[in-house]
Amino acid sequence: MNRSYKTKAIIIKQYEVGEADRIVVVFSREFGRLVLKARGVRKILAKLKGHLELLAYTQLEIHQGRSLDTIIGAEAQSLFKKIRQNLRSTSRLYLVLEFLNKILPEGEPHPEIFDRLLYLLENLDKKESRERRIVVITYFCLQVLRELGYYPHFRECLKCQKDIESGGNFFDFLGAGIVCRDCGGEEALMPVSDQAVIFLRFLIENNNIFLPEIKVLPKVSVEAYSLVERYLETTIDSELKSKKFVKLVD
Ligand SMILES: [Zn+2]
């Protein structure tokens with residue numbers, strides 16, 4: 001039995017297949033990540049195209065198919081135009097979308113992550129400083145990791161379980177946590193500064209959707225972001241391609 005359904009979703013990936021068809025991967029609040037098809041009929045695709053751009057928040061009408069469901073209607077609720085005008089914002093968000101596309105299981109709803117993503121996009125669509133953008137994106141990524149069970153630990157040493165003291169600590173990406181200076185010396189772990197540890201603790205332990213303005217030195221937020229970015233890659237077991245784009249424009 002074939003039927004149609006509607007849902008609002010954020011476009012997280014799209015690419016052409018075959019002659020003119022398009023695969024559109026979306027993240028919806030109700031159904032989670034969905035892999036959909038947009039038919040290559042020119043007239044239809046031309047009409048839908050503007051509503052199916054990456055990052056767009058779109059009302060979709062979908063026809064259930066035998067293999068892939070097909071998009072038969074799309075109306076953008078928000079295209080986040082200000083974000084698009086800023087290459088630095090777009091590049092970091094593309095990285096976030098690439099990560100979400102890899103980490104979110106198909107057809108599994110994660111309304112909390114959806115709400116956070118929509119909130120992040122709405123926030124970055126306003127005028128935000130570069131520093132604040134890095135902070136809110138780092139915060140978003142950490143909260144997604146927490147929600148999906150990849151909580152990185154920043155309080156006790158992974159190896160000896162002792163409380164972390166200041167100075168000379170490391171981060172163990174495979175172990176998903178911090179390692180004290182006594183336990184971490186011999187392995188090739190990443191050194192992490194005390195300020196970054198404090199900042200990362202604050203971000204992971206405060207799980208409200210809204211993140212208040214916080215004072216943090218840019219070098220600390222950049223260190224924290226880099227650590228989180230590398231940890232994202234560990235969780236998906238591959239490199240994030242958008243990383244190069246971020247480096248290029250940042
Ligand atoms: Zn230790």
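None of these values were measured; they are calculated from a predicted model. (Residues numbered from 1 in each chain as written. Predicted model: local features only at pLDDT ≥ 70, side-chain atom pairs only at ≥ 80, totals over all residues. Heavy atoms only, no water.)

**What to know about the sheet that holds strand β3 (residues 32-38)**
Which entries qualify depends on this criterion: A pair of strands is labelled paired if DSSP reports no fewer than 2 bridges between them. Secondary structure elements follow DSSP: runs of H or I no shorter than four residues count as helices, runs of E no shorter than two count as strands, and numbering proceeds from the N terminus. What counts as an axis is a line fitted to C-alpha atoms, over the stretch in contact for a helix, and the angles between N-to-C directions run from 0 to 180 degrees. In what follows, residue pairs with any heavy atoms lying within 4.5 Å of each other are defined as contacts.
A barrel is described by the order of its strands in space; here 5 strands give the closed sequence β1-β2-β3-β5-β4, paired in mixed fashion. Between one strand and the next, the sheet's axes are offset by a mean angle of 50°, whatever the strand orientation. Here helix α4 (residues 111-124) sits on the sheet in contact with β1 (4-17), β2 (21-28) and β4 (57-63), set at roughly 65° to β1.

**Structural notes on the coordination of the zinc ion**
To keep things clear, this is the line we draw: Donor atoms are limited to N, O and S found within 2.8 Å of the metal ion, a distance that becomes 3.2 Å for Na, K and Ca. With water left out, some sites might look partial. Each label reflects the angles at the metal, where four donors whose angles all fall between 85 and 135 degrees are tetrahedral, four or six donors whose opposite pairs open beyond 155 degrees and whose other angles stay between 65 and 115 are square planar or octahedral respectively, and the rest are irregular. Remark: exposure states derive from per-residue accessible area (1.4 Å probe, protein chains only) relative to the maximum for the residue type, with buried under 20%, exposed over 50%, and partly exposed in between.
On the protein side, the zinc ion has C157 (SG), C160 (SG), C180 (SG) and C183 (SG) as donor atoms, found 2.3 Å from it. The site at the zinc ion holds 4 donor atoms, and with the angles between them running 102 to 116°, its shape is tetrahedral. Donor residues binding the zinc ion come from one chain and are separated in sequence as C-x2-C-x19-C-x2-C. Of this pair, C160 sits in the loop between α5 (130-147) and β6 (169-172) while C183 sits in helix α6 (residues 181-184), and the two are 23 residues apart along the sequence. Overall, the relative accessible area of 25% leaves C183 in the partly exposed class.

**Overview of the packing of α5 against helix α8 (residues 218-236)**
Definition in use: Here a crossing is taken to be left-handed if its near helix is turned anticlockwise relative to the far helix by less than a right angle, and right-handed if that turn runs clockwise.
Where α5 meets α8, the axes come as close as 9 Å, and the angle between the chain directions of the two elements is 35°. When the axes of α5 and α8 are compared, the crossing they make is left-handed. The segment α5 lies against α8, with E131, I134, V135, I137, T138, C141, L142 and L145 engaging P218, S221, V222, A224, Y225, V228, Y231, L232 and T235.

**Here's the deal with the environment of L45**
One can find L45 in helix α1 (residues 42-49). A residue is classified by how much of its surface remains accessible, and L45, at 10% relative accessible area, is buried. Spatially, the C-alpha atoms of L45 and K13 are 16 Å apart, while their sequence positions differ by 32 residues.

**Some words on the packing of aromatic side chains**
Worth spelling out the cut-off: Only Phe, Tyr and Trp rings are paired, with Trp represented by its six-membered ring, and only when their centres lie within 6.5 Å; those with planes under 30 degrees apart are stacked, over 60 edge-to-face, the remainder tilted. Geometrically, a charge over a ring is one whose NZ (Lys) or CZ (Arg) sits within 6 Å of the ring centre while staying within 35 degrees of the ring normal.
Under the defined criterion, the tally for this structure stands at 7 aromatic pairs. Centre to centre, the rings of F171 and F173 are 5.0 Å apart; their planes meet at 75°, and the pair counts as edge-to-face. Summarising the burial analysis for this pair, F171 and F173 share the class buried. Ring pairs connect the aromatic residues F154, F171, F173 and Y231, which therefore count as one cluster. The ring of Y225 carries R92 above its face, with NZ or CZ at 4.6 Å from the centroid.

**Structural notes on the domain arrangement of the chain**
Defined as follows: Where each domain starts and ends follows an automatic or database-derived domain assignment. Two parts placed together each lose some accessible area; with a 1.4 Å probe, that loss summed over both constitutes the buried area. Each salt bridge in this description consists of a side-chain nitrogen of Lys or Arg and a carboxyl oxygen of Asp or Glu lying within 4 Å of one another. Side-chain atoms alone can form a polar contact between residues adjacent in sequence; in general such a contact is a pair of N or O atoms within 3.5 Å, and within protein one must be able to donate a hydrogen while the other accepts it.
Assigned domains within the chain: domain 1 (4-78) and domain 2 (81-249). For domain 1 and domain 2, the distance between their C-alpha centres works out to 29 Å. Listed per partner, the contact involves 20 residues of domain 1 and 22 residues of domain 2. If you sort the residues of domain 1 by the area they bury against domain 2, R29, R33 and L55 come out on top, with a joint share of 41%. The tally of links from domain 1 across to domain 2 stands at 2 salt bridges. Across the domain 1-domain 2 interface, the total number found is 6 residue pairs in polar contact (both at pLDDT 80 or more). If you list the elements that add at least two residues to the side of domain 1 that touches domain 2, you get β1, β2 and β3.

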